[in-house]
Amino acid sequence: MTRTALVTGSAGFIGYFTAKALLDQGWRVVGLDSLSDYYDVKLKERRHAMLLQSAGFTAVTQKLETPNVLHDLFKEHQFDAVIHLAAQAGVRYSIDAPRSYVEANLVGTFELLEAARAFPPAHMLLASTSSVYGANTQMPYTEADKVEAQMSFYAATKKATEAMAHSYAHLYHLPITMFRFFTVYGPWGRPDMAHFKFTRAILNGDPIEIYNHGKMQRDFTYIDDLVRGITALIDAVPPMPGSNQIDGDSLSPVAPHRVVNIGTGSPVQLMDFIKAIETAIGQDARKIYKDMQPGDVPATWADATLLKTLTGTAPVTPIETGIQAFVDWYRDYYQT
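Below, the structure is looked at part by part. (Residues numbered from 1 in each chain as written. Predicted model: local features only at pLDDT ≥ 70, side-chain atom pairs only at ≥ 80, totals over all residues. Heavy atoms only, no water.)

Here we take up the overall build of the chain. Looking only at helices and strands, the chain features 11 helices and 13 strands. A compact globule built from 336 residues should have a C-alpha radius of gyration of about 20 Å, and the chain, at 19 Å, falls within 12% of that. Considering only C-alpha atoms, the chain reaches an extent of 55 × 45 × 40 Å along its principal axes. Here the chain holds 336 residues, and the buried ones make up 53% of them. (Helix = DSSP H or I, 4+ residues; strand = E, 2+ residues; numbered from the N terminus. Rg over C-alpha atoms; globule rule 2.2 N^0.38 Å. Buried < 20%, exposed > 50% of the residue type's maximum accessible area, 1.4 Å probe, protein only.)

Here it is as structure tokens:
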């Protein structure tokens, strides 16, 4: 039988590729997105338009936090899987507009959990972020690490959604997987992300701003690798408490709830990342070095052992390959 999934944030960068992968696998997909103006709405509309070329895709343009929107969708479709990607993203924007994070990330996730309580899906997968590791300095980050010192309000709201989801998993026996993303990049990405901003600036002949004087590293994860991990986790449903755990599992002792990192496990120096963009474009960047921005962290590095144990897959795309694919897309989309 054909399975049905809800993908929230389906017009977003990760949501688009996740919905597309599920459609390619034969799922029916309901995509919910508010098409907010946080960045270029035309980019979001274009992503949804491509998804709508599939007869299996249904687009719903609504805000998560609007009462009864999610309740009615859950009641109508009886989802087999829910992949919750909709959120107000961005570390720096959370300093300027914190209320939008409360509304989308906290209230929106509450509405989702309430709908799932009324009409339980077989598995819910909710997006978190590597930013929840905050001030932790021991790396690579593992799912068992304490995450008590978030450095931005964005990270704080995502950590709060992890706690909210755990309480619902415990109280209502909802199987929930939280996955923590590590600096996702690739074609159709968000214009506020580093690879997008650097590419645009270099091609326009503008300087790029490099924070912490370039002394930063990130576990850059290519979009195809991330989506492969997400879709593979759908059938890795967290069992009820008391079940045998696998080695290194993050399964809660009191709820069908686990946390999974999705990252390469191979952090890249920021200057090497910039060099990959320069090489792909064939042009050097003019560089302006600046101090660290508030809320940012100098490094991220995932331990992806649990992901590989659960799914048999882990991100593998080299940074040079992923950046070349992005630059090729950017030129095709914006310069032709």
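Here the narrative resumes.
On to the pattern of salt bridges. Taken as a whole and assessed by the stated rule, the structure comprises 11 salt bridges. Measuring nitrogen to oxygen at the nearest pair gives 3.2 Å for the salt bridge that ties Lys-20 to Asp-24. Taken together, the residues Lys-20 and Asp-24, both in helix 1 (residues 13-24) and four residues apart, mark about one turn of the helix. Taking relative accessible area as the criterion, Lys-20 reaches 34% and is therefore assigned partly exposed. Using a relative accessible area of 58% as the deciding quantity, one classes Asp-24 as exposed. With a shortest N-O distance of 2.9 Å, Arg-117 and Glu-114 are connected by a salt bridge. (Salt bridge = Lys/Arg side-chain N within 4 Å of Asp/Glu carboxyl O.)

So, on to the layout of surface pockets. Over the atoms a probe the size of a water molecule is rolled, and this reveals where empty space is left. Of the pockets and cavities examined, the second largest pocket occupies roughly 230 Å³. Taken together, 16 residues line the second largest pocket, and the ones lying closest to its centre are Glu-162, His-166, Arg-180, His-257 and Val-259. At the level of secondary structure, the elements contributing two or more residues to the lining of the second largest pocket comprise helix 6 (153-172) and strand 11 (257-262). The dominant element in the lining of the second largest pocket, judged by the number of residues it contributes, is helix 6, at four residues. Here the residues of the lining of the second largest pocket are counted per class, giving six nonpolar, four polar and six charged. (1 Å grid on protein atoms, 1.4 Å probe; cavity = no way out; pocket = protein on both sides within 12 Å on 5 of 7 lines; lining within 4 Å. Points joined across faces, edges and corners; volume = space filled by probe spheres on them. Nonpolar A, V, L, I, M, F, W, Y, C, P; charged D, E, K, R; others polar.)

In this section: the packing of aromatic side chains. Following the criterion strictly, the structure yields 30 aromatic pairs and no others. Ring geometry for Tyr-16 and Trp-188: centres 6.3 Å apart, planes at 55 degrees, overall tilted. Of this pair, Tyr-16 sits in helix 1 while Trp-188 sits in the loop between strand 7 (184-185) and helix 7 (194-204), placing them 172 residues apart in sequence. The class of Tyr-16 is buried, set by a relative accessible area of 5%. Centre to centre, the rings of Tyr-38 and Tyr-93 are 4.9 Å apart; their planes meet at 50 degrees, and the pair counts as tilted. Placement of the pair is Tyr-38 in the loop between strand 2 (28-32) and helix 2 (41-51) and Tyr-93 in helix 4 (residues 93-96), with a sequence separation of 55 residues. Each member of the aromatic cluster is reached from another via a ring pair, and the members are Phe-13, Tyr-16, Phe-17, Trp-188, Phe-196, Phe-326, Trp-329, Tyr-330, Tyr-333 and Tyr-334. One residue, Lys-44, lies across the ring of Tyr-39, its end atom 4.5 Å from the ring centre. It is Arg-117 that lies over the ring of Tyr-172; its NZ or CZ is 4.9 Å from the centre. (Phe/Tyr/Trp six-rings, centres within 6.5 Å; stacked < 30°, edge-to-face > 60°. Lys NZ or Arg CZ within 6 Å of the ring centre and 35° of its normal.)

Right, let's talk about the sheet that holds strand 11 for a bit. If you trace the seven strands from one edge of the open sheet to the other, you get 3-2-1-4-5-6-11, paired in parallel fashion. On the outer flanks of this sheet lie strand 3 (57-60) and strand 11, each paired with one strand and no other. The sheet shows a mean angle of 20 degrees between the axes of neighbouring strands, direction not considered. Bridge count between strand 6 (residues 176-181) and strand 11: six bridges; the pairing is parallel. Looking at strand 11, one finds that Thr-177 is bridged to Arg-258. (Pairing = 2+ DSSP bridges. Axes fitted to C-alpha atoms, helices over the stretch in contact; angles between N-to-C directions.)

Grouped together as the largest cluster of nonpolar side chains are 64 residues, with contacts concentrated most on Ile-14, Ile-83, Phe-179, Phe-181, Ile-223, Phe-273 and Ile-323. It is helix 1 that contributes the most residues to this core, eight residues altogether. Among all residues touching Ile-14, those that are not within four sequence positions of it are Leu-85, Phe-181, Val-184, Ile-223, Leu-226 and Ile-230. (Core = buried A, V, L, I, M, F, W, Y, C linked by side-chain atoms within 4.5 Å. Contact = heavy atoms within 4.5 Å.)

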